[in-house]
Amino acid sequence: MASIPPFAARISRIAGRRSVAWRWFIDLFNGSEELFDDIRGGQFGVQLREFFAEIGQEPLAHGPLMSLDVYSRGSRRRKREDDYAAFYRDHETFLADSHLVDTLHTMSRLCQRESAAWAAGDLDGGRDARKDEFKVLETGLEAELNELCRRMISEAQSHVWRTLGRLLLVFVATETGHQSSLPKPGRFG
């Protein structure tokens, strides 16, 4: 049996982490109360920071991650029920019953398939899975998520939702490599 190239192991690990990141956003779209508590308590920010650092994109996400840290630290001074009401009011406005959830699941599964292929040394299978991910992104998901994020950034009533929109926008940019779709510094709203 041929050994698996070191780069394949790294790509496998990153694809697996990307699958998990897609599931975080699925939880966000589904209005997971556990995720709300993780956002409010700071754990979500830590997970995102580790994710962006591992894929080499923490500088792109630095500003929104700092905003998320500020929101989490401030939660000690705010009532949970107030944060809860504000969080779910904006969730209802932007994500409730979103038709994108199934496509987010597809992306998570494709990333899992990519990870498994690279881990098995199936370089062609890994590349094919990544191509399939791009097909999903390029046939509408990228455009719809970018539009959603821009709406969240400009229209959300709560600071945390504007921040989540910025983070999701950075995530989409890292998934596609289309960082030109990111607002210029200072233009996040």
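Residues numbered from 1 in each chain as written. Predicted model: local features only at pLDDT ≥ 70, side-chain atom pairs only at ≥ 80, totals over all residues. Heavy atoms only, no water.

Details of the overall build of the protein chain
In step 1: Regarding its fold elements, the protein chain presents eight helices and zero strands.
In step 2: Its helices and strands taken in sequence order, the protein chain reads α-α-α-α-α-α-α-α from the N to the C terminus.
In step 3: A compact globule built from 189 residues should have a C-alpha radius of gyration of about 16 Å, and the protein chain, at 17 Å, falls within 12% of that.
In step 4: When the backbone C-alpha atoms are referred to their principal axes, the protein chain occupies close to 60 × 30 × 30 Å.
In step 5: Split into buried and exposed, the 189 residues of the protein chain put 49% on the buried side. (Helix = DSSP H or I, 4+ residues; strand = E, 2+ residues; numbered from the N terminus. Rg over C-alpha atoms; globule rule 2.2 N^0.38 Å. Buried < 20%, exposed > 50% of the residue type's maximum accessible area, 1.4 Å probe, protein only.)

Some remarks on the side chain of Ser115
In step 1: With respect to the helices, strands and loops of the structure, Ser115 is situated in helix α6 (residues 101–119).
In step 2: The residues contacting Ser115, other than those within four sequence positions of it, are Ser12, Ala15 and Gly16. (Contact = heavy atoms within 4.5 Å.)

Considering the packing of aromatic side chains
In step 1: Overall, the coordinates contain 13 aromatic pairs when judged by the stated rule.
In step 2: Between Phe25 and Phe171, the ring centres sit 5.1 Å apart and the planes meet at 35 degrees, which makes this aromatic pair tilted. On the criterion of sequence distance, the pair formed by Phe25 in helix α1 (residues 6–30) and Phe171 in helix α8 (residues 159–176) is long-range, its members being 146 residues apart.
In step 3: Under the relative-accessibility criterion, Phe25 is labelled buried at 1%.
In step 4: Note on Phe36 and Phe87: the rings are 5.0 Å apart at their centroids and 55 degrees apart in plane angle, and the pair reads as tilted. Of the two residues, Phe36 sits in helix α2 (residues 33–41) while Phe87 sits in helix α5 (residues 80–94), which places them 51 residues apart along the sequence.
In step 5: Taking the relative accessible area as the measure of exposure, Phe87 reaches 2% and is therefore buried.
In step 6: Counting every residue linked through ring pairs, the aromatic cluster contains Trp22, Trp24, Phe25, Phe44, Phe51, Phe52 and Phe171.
In step 7: Lying across the ring of Tyr71, Arg78 places its NZ or CZ 4.5 Å from the centre. (Phe/Tyr/Trp six-rings, centres within 6.5 Å; stacked < 30°, edge-to-face > 60°. Lys NZ or Arg CZ within 6 Å of the ring centre and 35° of its normal.)

Looking at the side chain of Glu133
In step 1: Here Glu133 lies in helix α7 (residues 123–155).
In step 2: For Glu133, the residues in contact, after removing those within four places along its chain, are Arg18, Met107, Leu110, Cys111 and Glu114.

Here we look at the pattern of salt bridges
In step 1: One pass over the full model with this rule turns up 16 salt bridges.
In step 2: Note that Glu33 is salt-bridged to Arg80, the shortest N-O span being 3.1 Å. Of this pair, Glu33 sits in helix α2 while Arg80 sits in helix α5; the two residues are 47 residues apart in sequence, bridging distant segments of the chain.
In step 3: The partner of Arg78 in a salt bridge is Asp83, and the shortest N-O contact between them spans 2.7 Å.
In step 4: A residue is classified by how much of its surface remains accessible, and Asp83, at 7% relative accessible area, is buried.
In step 5: Put simply, Arg18, Glu114, Arg130, Glu133 and Glu175 are held in one network by salt bridges that share partners. (Salt bridge = Lys/Arg side-chain N within 4 Å of Asp/Glu carboxyl O.)

Points about the nonpolar core
In step 1: Formed by 48 residues in total, the largest nonpolar core has its most connected members in Ile39, Phe52, Leu145 and Leu164.
In step 2: Mapped onto this core, the elements with two or more residues apiece are α1, α2, α3 (43–54), α4 (58–74), α5, α6, α7 and α8.
In step 3: Examining the composition of this core, we find that nine residues originate from one element, α8, more than from any other.
In step 4: Other than its neighbours up to four places away in sequence, Phe52 contacts Gln57, Glu58, Ala61, Leu65, Leu167, Val170, Phe171 and Thr174. (Core = buried A, V, L, I, M, F, W, Y, C linked by side-chain atoms within 4.5 Å.)

Topic: unusual backbone geometry
In step 1: Look at Asp97: it is not a glycine, yet its phi comes out positive at around 60 degrees.
In step 2: Looking at the element boundaries, Asp97 is found in the loop between α5 and α6.

A short note on the state of the cysteines
In step 1: By the definition in use, this model includes zero disulfides.
In step 2: Cys111 takes part in no disulfide bond, and the closest cysteine sulfur to it belongs to Cys149, at a distance of 17 Å.
In step 3: Overall, the relative accessible area of 0% leaves Cys111 in the buried class.
In step 4: Look at Cys149 and you get buried, because its relative accessible area is 0%. (Disulfide = S-S within 2.5 Å.)

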